Amino acid sequence: MNYIFGVIGGQSAGPQPTGAETVQKLCDRVASSTLLEDRRDAVRALKSLSKKYRLEVGTKAMDHLLHILRTDSSDTEILGYALDTLYNIVCNDEEEEPDDSEEENHQKQEDDMGIQFTDKFIQEPDNVTLLLTLLEEFDFHVRWPGVKLLTALLKNQCAQAQGIILVSPMGVSRLMDLLADSREVIRNDGLLLLQQLTKGNAAIQKIVAFENAFERLLDIITEEGSSDGGIVVEDCLLLLLNLLKNNSSNQNFFKEGSYIQRMKPWFEVGDDNSGWSAQKVTNLHLMLQLVRVMVSPVNSPGGTSSCQKAMFQCGLLQQLCTILMATGVPADILTETINTVSEVIRGSDVNQDYFASVNAPSNPPRPAIVVLLMSMVNERQPFVLRCAVLYCFQCFLYKNHKGQGEIVATLLPSTIDANSISAGQLLCGGLFSADSLSNWCAAVALAHALQDNLTQKEQLLRVQLATSLGKPPVSLLQQCTNILSQGSRVQTKVGLLMLLCTWICNCPIAVMHFLHNQDNVPFLTGQISENLGEDERLVQGLCALLLGICIYYNDNSLENYTKEKLKQLIEKRIGKENFVEKLGFVTKHELYSRAAQKPQPAFSTPEHMLFDHEFTKLVKELEGVITKAVLKSSEEEKKEEEVKKTLEQHDSIVTQYKELIREQDSQLKELKEQMASLTSQNEKLQNTTTQQLSQIQQHKDQYNILKLKLGKDNQQTGSQADGAHVNGLQLEELSQLREQLEDLHRQNQSLQTQLTEKDNVISSLQMGVPSAEGSTSENTEILREVEKLKAQLQSQTAEITQLQTERQELLGRCETRATVPVTGEDSGYTEKIAELESRLSTQNTETQKLKEEVKALLESKESTEKELASATSTVAILQAEKSKLQKEVQDSKKEQDELLMLLADQDQKILSLKQKLEDLGETIEDEDDLDTKDQFDDDDDDDEEEEEDDDDE
């Protein structure tokens, strides 16, 4: 201990040791001491020397310190000293700013020293893994310096340290635990550590996001007061930007986790917007950037669209528009809010419609678009704000034909309101003002109102402007060319030329209006042919582009300015090679390349504001075709037009046949579906018919059995009836008559039983309706059997009638003998007669009942016949429909075969024409042919399947 105190600060009479010697002695002490206290004191001394003697400590003590971290992990105090020492070695102190060149060189040497020590530390990946393990220690004196050391390593050598942490088991998860630490110092430094860890590494960003980082960070922002919070909120927002920027996976996770909805409270700004602190401005600026990251134009269209929809549904867009129209908002926040709203509404119909309905809180209320355009054409407004308003207007009109029509409509004579300021009036005012930047912004804004919208290009031709009193009005198109010829500034000329190129592109009517003015073509040729300065070369290139558009989209409606005459004029006045060279100046310009990178206009100074992003796309699209159109001879152009017309005709014919085949395919599909349904119905009917036939067969068998029984009974009854005779009033005749009556009574009872059974059979037959023609004959046989039964009943009735006649004769005989004295025999005989009469009356009653039953049986037979007739007609109708459908299928097959023959002939003609084109050196793409061939193959397969189905049927 005395030795250490002597080294550090003790007084000695001898010469003082140098810093390197002291560090070496301390390192030897750390390596050789057996007592933990001695090693701890030595490490503490190294910590105190590490800032002043950084090089010596880093060179000689790093290995010893790493050994301490491995061997003395149980003592948190010595671990804290070692980690602090290592942090002082590798950390580059960025707080002191250099005042002169010497201090700057010194700072550079210090930075290089920190990088060298970092390289030495991470040269062994186990050192980083050891540090991650030590971070699990909860002791403040170990965890905090460990976090700072790892942060310094990531700052100096980010990629190498990230690679080691990524492959370490649970490395990222251990670092995510720092956000849950209850000590704010460690949590805040953990945020700084994660910022460095997630820079430029998508894999680590995904792991951190799936470790529930979004939930934790948003909770911290809410706890710290959102936009009113301090530096911790800023650190959280920076980490969120690292996780979401250019990472579509994390953006999708953020959206699906409903975290967009949690952003809305950030932008709830009160009415009193005075006194914004610098930290609040920074926080809100980062929050707006975070919203822009989710809806950036560089993201995938599907992801951007879904985020825009979510922002509208949760009210975030409405909150941003409230800030946009609020008063007292700082200029930089207002500018960033305009840019954010621009990207939230860009390409989204719903959001664009909502933005069009937003009004500023003025008296009278004005649309937000009009208020923003007033700022754009006002030269006193800041340059960045005017650029933001232009970007907002461009995003509002992006793929928004409805909005384009509304803007152009404010310029038309029938819709101009003299009592209010419209967007069209502001654009025209900016277009012809004395400020060149206003000219450029208004021209670009008006060009976006015409982008890819032929209808509005033609409508804008109707706009007339009153230039001065006493002079007739001129068209807007003519006024633009007049300003060009008056020698305006380069920025104004470029803006007007971009407007004219966008206007007449792909619009032959606008080209005709432009060429109708006799001064326009000479002005363009004069501009292109002159030898002007460097700044004017860009104007020459745009004039060449405008003249080339007049050639390419010329419909030859003006005799003096047909395609051929314009090309001759270029060849005589300018020269084709010179024209192509001047046209190439546009794409070679430095500002052209800068504007083509992203849609948002980002310019350092107003003088650099020359090109629009959408216009760069148009130039890239037209440069090649205009060059080819100018260099091509008239004969080649005529041949190409003829071939083009022929191909268009053939394409139209093929298209018609394709449509016809598609219609027939749809019809065949419908017919197949109908056939399938009818087939299933037919199968059901056949199954039902089979069941009914089996039931009818069973009923027939039962009926035959009953018929046989009935026949035997009839034979017995007939034989008994033939043997009955009444020859007198003898007792034998009366006994025979009595027996006959008894037999007849029994027969009637048996017949009544049989009739009951027949009624049951007929009722069961009525329960099922026959549905096939084969069952009609069998039902007819059943009806015949019923007729036979009826005949038998009639014969029985005749026999009963005959019996009654015999009774009357017997009564007559009895009356002739009334005069004979009555004897005992006669009285008995009389009693028998009375008994016989009673039996006869009973038999008559039963016979009457039997007649009623026969009548009911006949009525049920008639109803059964009606049901059979209706079932037979239903089967006939179904068969007729089936035959009709089969006929239609055969007719469609014939028509398809004829179409296939026609298409085969057409393909042969197309092949011959393509062969001619190949002979001429043209390349032909065969996509349509391939599609047609595939369609024919599909049709052939369908025909084969239909033939197989017909064969099966």
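Residues numbered from 1 in each chain as written. Predicted model: local features only at pLDDT ≥ 70, side-chain atom pairs only at ≥ 80, totals over all residues. Heavy atoms only, no water.

**Student:** Now, about the overall build of the protein chain: what can you tell me, with residues and values included?
**Tutor:** Secondary structure assignment for the protein chain yields 40 helices and four strands. Residue burial in the protein chain is summarised as follows: out of 953 residues, 45% are buried. Within the protein chain, contacts between residues at least 6 apart in sequence are counted, and of these 73% link residues at least 24 apart. When the accessible surface of the protein chain is summed, it comes to about 49,500 Å², and 50% of that surface belongs to carbon and sulfur atoms. (Helix = DSSP H or I, 4+ residues; strand = E, 2+ residues; numbered from the N terminus. Buried < 20%, exposed > 50% of the residue type's maximum accessible area, 1.4 Å probe, protein only. Contact = heavy atoms within 4.5 Å. Areas by Shrake-Rupley, 256 points an atom, 1.4 Å probe, with all protein chains shown as cover.)

**Student:** So what's going on with the environment of Arg 44? Which residues, and what values?
**Tutor:** Relative to the helices and strands, Arg 44 resides in helix α3 (residues 36-49). Judged by its relative accessible area of 33%, Arg 44 is partly exposed. Residues Arg 44 and Glu 77, spaced 33 residues apart in sequence, show a C-alpha to C-alpha distance of 9.5 Å. Setting aside residues no more than four positions away along its own chain, Arg 44 makes contact with Glu 77 and Tyr 81.

**Student:** Account for the pattern of salt bridges, with residues named and values stated.
**Tutor:** As enumerated under the stated definition, the model contains 20 salt bridges in all. Across the pair Asp 41 and Arg 44 runs a salt bridge, and its minimum N-O distance is 2.7 Å. One end of the pair is Asp 41 and the other is Arg 44, both in helix α3 and three residues apart, which spans about a single turn. For Asp 41, a relative accessible area of 10% puts it in the buried group. Residue Asp 181 pairs with Arg 143 through a salt bridge whose shortest N-O separation is 2.7 Å. Taken together, the positions of Asp 181 in the loop between α10 (171-176) and α11 (184-197) and Arg 143 in helix α8 (residues 140-156) put the pair 38 residues apart, joining distant regions of the chain. Because the salt bridges share partners, they merge into one network encompassing Arg 40, Asp 41, Arg 44, Asp 75 and Glu 77. (Salt bridge = Lys/Arg side-chain N within 4 Å of Asp/Glu carboxyl O.)

**Student:** Quick one: what's the story with helix α5 (residues 76-90), residue by residue and with numbers?
**Tutor:** Between the first and last C-alpha of α5 there are 21 Å, a value that for 15 residues agrees with the 21 Å anticipated at 1.5 Å per step. In terms of residue burial, α5 counts as a mostly covered element, since twelve of its 15 residues are buried. If you check which residues of α5 are buried, you get Ile 78, Leu 79, Gly 80, Tyr 81, Ala 82, Leu 83, Asp 84, Thr 85, Leu 86, Asn 88, Ile 89 and Val 90. (Expected span 1.5 Å × (residues − 1).)

**Student:** Please set out a nonpolar patch on the surface residue by residue, giving values where relevant.
**Tutor:** Among the surface-exposed residues, Leu 166, Val 167 and Ile 207 lie close enough to one another that they form a single nonpolar patch of about 250 Å² accessible area. Looking at where Val 167 falls in the secondary structure, it is placed in helix α9 (residues 158-167). Take Val 167: its relative accessible area is 68%, and that puts it in the exposed class. (Patch = residues over 30% accessible without salt bridge, like charges linked within 9 Å, V, L, I, M, F, W, Y side chains within 5 Å.)

**Student:** Could you give an account of the packing of aromatic side chains, naming the residues involved and the relevant values?
**Tutor:** Overall, the coordinates contain eleven aromatic pairs when judged by the stated rule. Put simply, the rings of Phe 210, Phe 214, Phe 253, Phe 254 and Tyr 259 pair up and form one aromatic cluster. Taking the ring centre of Tyr 398 as reference, the NZ or CZ of Arg 346 above it sits at 3.8 Å. If you follow Arg 537 out to its NZ or CZ, it ends over the ring of Phe 585, 3.8 Å from the centre. (Phe/Tyr/Trp six-rings, centres within 6.5 Å; stacked < 30°, edge-to-face > 60°. Lys NZ or Arg CZ within 6 Å of the ring centre and 35° of its normal.)

**Student:** Describe the side chain of Thr 118, naming the residues involved and giving the relevant values.
**Tutor:** On the secondary structure map, Thr 118 appears in helix α6 (residues 101-122). Thr 118 sits in the buried class, given a relative accessible area of 0%. Engagement of the side chain of Thr 118 in a polar contact is seen with the side chain of Asn 156, the distance being 2.9 Å. (Polar contact = N/O pair within 3.5 Å; in protein donor to acceptor, adjacent residues only side chain to side chain.)

**Student:** An account of the environment of Gly 275 is needed here, citing residue identities and associated values.
**Tutor:** Tracing the chain through its elements places Gly 275 in the loop between α15 (248-256) and α16 (278-294). Classification of Gly 275 by relative accessible area gives exposed; the value is 77%.

**Student:** Go over helix α12 (residues 202-210), please, and point to the residues and values.
**Tutor:** For α12, the set of buried residues is Ile 204, Gln 205, Val 208 and Ala 209. Within α12, the buried residues cover an arc of 135° as seen down the axis, which keeps them to one side. Contact partners of the buried residues in α12: α9, α10, α11, α13 (213-223), α14 (231-244) and α15. The N-cap of α12, judged by a side-chain oxygen 3.2 Å from the amide nitrogen of Ala 203 a few residues on, is Asn 201. Phi turns positive, to about 70°, at Asn 212, one or two residues after α12. (Arc of directions from axis to C-beta.)

**Student:** Outline a negative patch on the surface, listing residues and values.
**Tutor:** Residues Glu 888, Asp 891, Glu 895, Asp 897 and Glu 898 make up a contiguous surface patch of negative charge. Among the structural elements, Asp 897 can be located in helix α39 (residues 824-919). (Lys, Arg positive; Asp, Glu negative; His and termini not counted. Charge placed at Lys NZ, Arg CZ, Asp CG, Glu CD.)

**Student:** Please give an account of unusual backbone geometry that cites residues and values.
**Tutor:** A positive phi angle, near 70°, is found at Asn 212, a position not held by glycine. Checked against the element boundaries, Asn 212 lands in the loop between α12 and α13. Take Asn 212: its relative accessible area is 38%, and that puts it in the partly exposed class. Of note in this structure, Asp 452 is not a glycine but carries a positive phi near 55°. Taking the relative accessible area as the measure of exposure, Asp 452 reaches 63% and is therefore exposed.

**Student:** Account for the environment of Gln 597, with residues named and values stated.
**Tutor:** Inspection of the secondary structure puts Gln 597 in the loop between α34 (590-595) and α35 (613-631). Between the C-alpha atom of Gln 597 and that of Thr 616, which follows or precedes it by 19 residues, the distance is 9.5 Å.

**Student:** Residues and numbers for the side chain of Thr 689, please.
**Tutor:** Within the fold, Thr 689 resides in helix α36 (residues 634-722). A polar atom in the side chain of Thr 689 sits 2.7 Å from the backbone oxygen of Leu 685.

**Student:** I'd like to hear about the packing of helix α21 (residues 368-376) against helix α24 (residues 423-431), residue by residue, with values.
**Tutor:** Packing of α21 against α24 brings their axes to within 9 Å, and their N-to-C directions diverge by 10°. As far as their axial angle goes, α24 and α21 are roughly parallel. Where α21 approaches α24, its residues Val 370, Leu 373, Met 374 and Met 376 are matched on the opposing element by Ala 423, Leu 426 and Leu 427. Along the lines of polarity and charge, the residues of the contact of α21 with α24 split into seven nonpolar, no polar and no charged. (Axes fitted to C-alpha atoms, helices over the stretch in contact; angles between N-to-C directions. Parallel < 35°, antiparallel > 145°, perpendicular 65-115°, else oblique. Nonpolar A, V, L, I, M, F, W, Y, C, P; charged D, E, K, R; others polar.)

**Student:** Can you explain the confidence of the model for the protein chain? Please cite residues and give values.
**Tutor:** Summarising the model, the protein chain shows a mean pLDDT of 80, and 74% of its residues fall at 70 or more. Between residues 1-13, whose pLDDT stays under 50, and residues either more than four places distant or in other chains, the model counts ten contacts. A low-confidence stretch, residues 814-827 (pLDDT under 50), is modelled with eight contacts involving residues beyond four sequence positions or located in other chains. (pLDDT = per-residue confidence, 0-100.)

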